[in-house]
Amino acid sequence: MDLPHYQLWDFAGVDGLQFAKTLVGDAAGRLAPFQSLETTIADYPCSLLRLCENNFRLGVRGVAIQSPAKMRVWMKQCETIQAIIFPDSSKPNLLQIATTKPPHRLQNLALNHAIPARINNVSVLIWYHSPQEKPVLELHTAVNDAEAIKAILG
């Protein structure tokens, strides 16, 4: 599955949560770590994933994100991380080959959640969400490992 013009951005810092709220509204503050939501920024669809207290990952199509003024936040486009997107039907195959560490369990991966995992000793973040209103499994991994992960998952 391909999402045209899809970019990943990470941002964090003392004002990371406040910046997330500025971008997508107060719903960002209600996300627990590894939870996400689908929304829009300037009429462009986006997905916001909370990684930890003030650290977020934004998947966005069609818009460049500007650095926040007067906020203590660093922001960077994820140039060393690649998103690999698979249809929801890939979930059973993924459950067989990916491993996690407690307390994370792939069997409990619900929509709008993510889990850190490993596939053949390669670190991945498995994000189950619904950009374009269709559930997908989005795997984030190092650019250098992306082709190997694609080959494993076919």
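Residues numbered from 1 in each chain as written. Predicted model: local features only at pLDDT ≥ 70, side-chain atom pairs only at ≥ 80, totals over all residues. Heavy atoms only, no water.

## Regarding the environment of Ala-12
Consideration 1: Residue placement: Ala-12 occurs in strand β1 (residues 6-12).
Consideration 2: Sequence spacing of Ala-12 and Leu-94 is 82 residues, and the spatial spacing of their C-alpha atoms is 29 Å.
Consideration 3: For Ala-12, the contacting residues outside a window of four places in its chain are Asn-54, Asn-55, Arg-72, Val-73 and Trp-74. (Helix = DSSP H or I, 4+ residues; strand = E, 2+ residues; numbered from the N terminus. Contact = heavy atoms within 4.5 Å.)

## Observations concerning the sheet that holds strand β7 (residues 98-99)
Consideration 1: Sheet architecture is open: five strands sit in the order β6-β10-β9-β8-β7, paired in antiparallel fashion. Looking at the sheet topology across the chains shown, the edges are occupied by β6 (81-87) and β7.
Consideration 2: Across seven bridges, the pairing between β6 and strand β10 (residues 136-142) is antiparallel. The residue of β10 that forms the bridge with Ile-85 is Glu-138.
Consideration 3: Set on the sheet, helix α3 (residues 146-153) makes contact with β6, β8 (113-119), β9 (122-129) and β10; between it and β6 the angle comes to about 15 degrees. (Pairing = 2+ DSSP bridges. Axes fitted to C-alpha atoms, helices over the stretch in contact; angles between N-to-C directions.)

## Observations concerning the sheet that holds strand β3 (residues 44-52)
In a beta sheet, neighbouring strands are held together by backbone hydrogen bonds and run either parallel or antiparallel to one another.
Consideration 1: The antiparallel open sheet is built from five strands, whose spatial order is β2-β3-β4-β1-β5. Unpaired on one side and paired on the other, β2 (36-41) and β5 (74-77) mark the two borders of the sheet. On average, each strand axis in the sheet is tilted by 25 degrees relative to the strand beside it, whichever way the strands run.

## Observations concerning α3
Consideration 1: Turning to α3, its buried residues are Ala-146, Ile-149 and Leu-153. For α3, the arc enclosing every buried residue in end-on projection is 65 degrees, short of the 170-degree limit, so these residues lie on one face. α3 presents Glu-147 and Ala-151 as exposed residues on the side facing more than 90 degrees away from its buried surface.
Consideration 2: Taken from the residues just after α3, Gly-154 is the one with a positive phi, measuring 65 degrees. (Buried < 20%, exposed > 50% of the residue type's maximum accessible area, 1.4 Å probe, protein only. Arc of directions from axis to C-beta.)

## Observations concerning the packing of aromatic side chains
Consideration 1: Counted under the stated rule, the structure contains two aromatic pairs.
Consideration 2: Judged by centre distance (5.4 Å) and plane angle (15 degrees), the rings of Phe-11 and Phe-56 are stacked. Of this pair, Phe-11 sits in strand β1 while Phe-56 sits in strand β4 (residues 55-61), and the two are 45 residues apart along the sequence.
Consideration 3: Overall, Phe-11 belongs to the buried group, its relative accessible area being 0%.
Consideration 4: Feature note: the residues Phe-11, Phe-19 and Phe-56 constitute an aromatic cluster, connected by ring pairs. (Phe/Tyr/Trp six-rings, centres within 6.5 Å; stacked < 30°, edge-to-face > 60°.)

## Let's talk about unusual backbone geometry
Consideration 1: Residues Pro-102 and Pro-103 are joined by a peptide bond in cis, for which omega reads 15 degrees.
Consideration 2: Relative to the helices and strands, Pro-103 is located in the loop between β7 and β8.
Consideration 3: The backbone of Asp-43 sits at a positive phi, close to 70 degrees, despite the residue not being glycine.
Consideration 4: Looking at the element boundaries, Asp-43 is found in the loop between β2 and β3.
Consideration 5: Positive phi is not limited to glycine here, since Asn-112 has a value of about 65 degrees.

The analysis is restricted to geometry; functional conclusions fall outside its scope.
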